[in-house]
Amino acid sequence: MSDTFASRPAGPAVPCSCAHTGAAADGAEPAPAAGRFGSTHALILLLCVLALGSGLFLAGTPLETVFTLLGGLGAIGAATLAASGGGRRLLAVLAEAAVRGAGK
């Protein structure tokens with residue numbers, strides 16, 4: 001009789017020692033990681049910004065104020081993506097330039 005269904009000793013689970021390469025067994029590309037910023041996200045954000053700007057303008061907000069608000073939101077979004085995407089060095093350079101510019 002085979003020992004395929006032999007009982008295992010009690011205790012914490014031991015992780016497997018096999019090397020995971022991330023590629024599928026049939027050679028296909030691995031699925032993209034969830035949470036990545038893609039073209040669908042960019043399109044949705046673009047439509048939201050356009051709708052927000054149009055709604056503010058139709059509500060009677062001056063056009064200069066709408067552009068200032070949407071520009072600020074865009075800057076916050078770009079900074080967030082740069083920080084979360086590993087662009088900490090780029091963010092540090094931009095922050096240093098802003099501090100130097102404010103000191104003059």
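Scroll up a little and you will see the structure.
Just so it is clear, the structure is predicted and the values come from calculations on it, not from any experiment.

Participant: Please set out the layout of surface pockets residue by residue, giving values where relevant.
Facilitator: By volume, the largest pocket amounts to about 220 Å³. Lining the largest pocket are 12 residues, and of these Leu45, Val49, Leu73, Gly74 and Gly77 sit closest to its centre. For the lining of the largest pocket, the element with the highest residue contribution is helix H2 (residues 63-84), accounting for seven residues. Of the residues assigned to the lining of the largest pocket, the class counts are nine nonpolar, three polar and no charged.

Participant: Please give an account of H2 that cites residues and values.
Facilitator: An ideal rise of 1.5 Å per residue puts 32 Å on 22 residues; H2 measures up with 32 Å between its terminal C-alpha atoms. Among the residues of H2, Val66, Leu70 and Ala82 are the ones counted as buried. Buried residues of H2 fall within an arc of 130° about the axis and therefore sit on the same side. Residues of H2 that are exposed and point more than 90 degrees away from the buried face comprise Glu64, Thr68 and Ile76. Elements in contact with the buried residues of H2: helix H1 (39-58) and helix H3 (88-103).

Participant: Describe in detail the pattern of salt bridges, supporting the description with residues and values.
Facilitator: Opposite charge on two side chains permits pairing when their charged atoms draw close. By the definition in use, this model includes one salt bridge. Between Arg100 and Glu96 there is a salt bridge whose closest N-O contact spans 2.6 Å. Within this pair, Arg100 and its partner Glu96 are both found in helix H3, separated by four residues, close to a single helical turn. With a relative accessible area of 56%, Arg100 lands in the exposed category.

Definitions and cut-offs
- Residues numbered from 1 in each chain as written.
- Predicted model: local features only at pLDDT ≥ 70, side-chain atom pairs only at ≥ 80, totals over all residues.
- Heavy atoms only, no water.
- 1 Å grid on protein atoms, 1.4 Å probe; cavity = no way out; pocket = protein on both sides within 12 Å on 5 of 7 lines; lining within 4 Å.
- Points joined across faces, edges and corners; volume = space filled by probe spheres on them.
- Helix = DSSP H or I, 4+ residues; strand = E, 2+ residues; numbered from the N terminus.
- Nonpolar A, V, L, I, M, F, W, Y, C, P; charged D, E, K, R; others polar.
- Expected span 1.5 Å × (residues − 1).
- Buried < 20%, exposed > 50% of the residue type's maximum accessible area, 1.4 Å probe, protein only.
- Arc of directions from axis to C-beta.
- Contact = heavy atoms within 4.5 Å.
- Salt bridge = Lys/Arg side-chain N within 4 Å of Asp/Glu carboxyl O.

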